[in-house]
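# Coordinates in review
Spelled out, the chains give:
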Amino acid sequence: MPLTDTHIRGLKPDVKPRKYFDGGGLFLYVPTSGSKLWRMAYRFDGKSKLLSFGEYPAVSLRDARERREEARRLLAKGVDPSEHKREEKRARITAERESFQNIAREWHETRMAEFSEKHQGTVMYRLETYIFPIIGKTHIAKLETRDVMAVVKPLEQRGNHETARRVLQIISQVFRYAVITGRAKHNVAADLRGALRPRKTVHRAAVLEPEKVGQLLRDIDAYEGYFPLVCALKLAPLVFTRPTELRAAQWREFDLEAREWRIPAERMKMRRQHLVPLSEQALSILRELQKYSGEGKYLFPSIRTEVRPISDATMLNALRRMGYQKQEMSVHGFRSIASTLLNELGYNRDWIERQLAHGEHNEVRAAYNYAEYLPERRKMMQEWADFLTKLKGCPSEETTPEEEA
C-alpha cells in the first residue's frame, strides 16, 4: 500500500530498524534512532543495489517519488542511477573547483603578488563587486562572450566606462591564466575587443606656454605655507615624477653625493626601479629640506604626523590657493609641462619617455634603456632646470624653447 504523509509523520523508531515501502522499489527506512531515510532498491547488471534520496521531511514524499521515477527512466536507458549520481557529484565538485571565482582567486594570489597592496585590493574589489555575483560560480570553460558582456555592458550603460574597461581587462587576464593552466581552451574575453566604447583620452590640466610656466614657478616661490609642501612644489617641475612618487619620497632613496634619486620598483606604476638625475637646483632644495625633515622617513611628512607623507590633496589645494583653477593646472600637470616643452626643445623622445617612466612593453629594451640613456638624461635634466630658472627670472622677455635650444 502506498505511503501517505500522515502515515509517515506518525512513524516512530522501534527496537529494530524498519522499512516502509511505497512501490517501485522506493521505501522509507526508519532506524532505531535518528532521521527517517528515503531509499530505493533496484537491480542493475544482475546485482542488487540501493540508492539514497535523503532525509524525511527535508525530502518530501512527493520529492522522493519524483526521484524514483527519474531513477527508473535512467534504468530504462541502461544507466546505473548510483553511478549517474556519483558522476553528477564529481561534476559539481569540478565545476566548483574550476569556477571562474576559484580560478580568479588563484590567479590573484599567484599573479598579483608583485603589485602593491593597494592595487591588489582594487583588483579584488572589482572581482567581488562586479564579476563574481554574475559569473563567479560558473565553470570557466562554459563561459561565453555573452556571459562576459552581461558583466561589462551594464557598467558601460551606467556611464562607468573606465570601470567597464578595467573589469573586462581583469576577466581577460583570468582567462589567459586558465588557458595556461589547462582549465580553459580559449580566452573568450579577447573576442570582445572593440565591444566597448573607445576610451576617452584624459588630458591633465597644465599651463604649457613658456611665459605662463615662468609665472607658475614665480607663484610657487612666492607661496607662503608649510615648508615641506613648498619644497615639494618647487621640486615637482624639476623631477616631473608622478605625484604619488614625489609626495611619498623617502630620504633613504636619495644619494645627494651621487646626485641621484632611485625610486624602488614597488613605488613605481610600472613596477621597475626608476632613476631621477638631480640638477643643481634640485639639490639646493633638497639640502634645505634635509635640515627640516632629514632625520625622519619622508621628505614631505604630513603636517599632522611624521609617519605619513603629505596627501595628494595637499599639493593640489596649494595650487588652488595660488589661483590656478581645475581647468588650468593640476599636480600631474608638471609632467605635461616637461613632456611638452622638452619635446619642443628638441630633446630625444626616448630620453624624455624614459625620464617620465612611461611603460616599455619590451622588458629587455626597458632594462637596456635604463642604463643606455643615463648620461644623456643627466645632461637633459640639468639643462631643463637651467631652462626653468631662466623662464622664472625673465617674466618680461618672450623666451621660446627654440631660442633655448
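Here the structure is a predicted model, which is why all the values come from computation and not from measurement.

So, about the pattern of salt bridges. Two side chains with opposite charge may pair up if their charged atoms get near one another. Taken as a whole and judged by the stated rule, the model has 24 salt bridges. Between Arg-267 and Glu-253 there is a salt bridge; the shortest N-O distance is 2.9 Å. With Arg-267 in the loop between β6 (260-263) and β7 (274-277) and Glu-253 in the loop between α10 (243-247) and β5 (254-255), this pair connects stretches of sequence that are 14 residues apart. Overall, Glu-253 belongs to the buried group, its relative accessible area being 6%. Between Arg-259 and Glu-280 there is a salt bridge whose closest N-O contact spans 2.4 Å. Placement of the pair is Arg-259 in the loop between β5 and β6 and Glu-280 in helix α11 (residues 280-293), with a sequence separation of 21 residues.

Turning our eyes to something else, we now look at the sheet that holds strand β3 (residues 36-44). Strand order across the open sheet formed by four strands is β1-β2-β3-β4, with antiparallel pairing between neighbours. Edge positions in the sheet fall to β1 (18-23) and β4 (47-56), since each of these pairs with one other strand and no more. For this sheet, the mean angle separating the axes of adjacent strands, direction not counted, is 30°. The sheet contact formed by β3 and β4 spans nine bridges and is antiparallel. Within β4, the position partnered with Tyr-42 by the bridge is Lys-49.

Summed over the entire model, instances satisfying the criterion amount to two cavities of 30 Å³ or more. The computed volume of the second largest cavity comes to approximately 40 Å³. Taken together, Ala-236, Phe-240, Thr-241, Pro-243, Leu-246, Met-315, Val-331 and Phe-334 make up the lining of the second largest cavity. Taken together, the residues of the lining of the second largest cavity break down into seven nonpolar, one polar and no charged.

On to the pairing of β1. Where β1 lies against strand β2 (residues 26-30), five bridges are found, and the strand directions are antiparallel. Residue Tyr-20 lies in a different strand from β2, and its bridge partner there is Leu-28. Hairpin geometry of β1 and β2 is characterised by an intervening segment of two residues between the two adjacent antiparallel strands and by a positive phi of about 65° at Gly-24.

So, about unusual backbone geometry. Of note, the amide linkage connecting Tyr-56 to Pro-57 takes the cis form, showing an omega dihedral of 15°. Inspection of the secondary structure puts Pro-57 in the loop between β4 and α2 (61-76). For Asp-45, which is not a glycine, the phi torsion comes out positive at approximately 55°. Secondary-structure assignment places Asp-45 in the loop between β3 and β4. Overall, the relative accessible area of 67% leaves Asp-45 in the exposed class. Of note, Phe-240 is a non-glycine position whose phi angle comes to about 35°, a positive value. Mapped onto the fold, Phe-240 is located in the loop between α9 (227-239) and α10.

About the criteria used
- Residues numbered from 1 in each chain as written.
- Predicted model: local features only at pLDDT ≥ 70, side-chain atom pairs only at ≥ 80, totals over all residues.
- Heavy atoms only, no water.
- Salt bridge = Lys/Arg side-chain N within 4 Å of Asp/Glu carboxyl O.
- Helix = DSSP H or I, 4+ residues; strand = E, 2+ residues; numbered from the N terminus.
- Buried < 20%, exposed > 50% of the residue type's maximum accessible area, 1.4 Å probe, protein only.
- Pairing = 2+ DSSP bridges.
- Axes fitted to C-alpha atoms, helices over the stretch in contact; angles between N-to-C directions.
- 1 Å grid on protein atoms, 1.4 Å probe; cavity = no way out; pocket = protein on both sides within 12 Å on 5 of 7 lines; lining within 4 Å.
- Points joined across faces, edges and corners; volume = space filled by probe spheres on them.
- Nonpolar A, V, L, I, M, F, W, Y, C, P; charged D, E, K, R; others polar.

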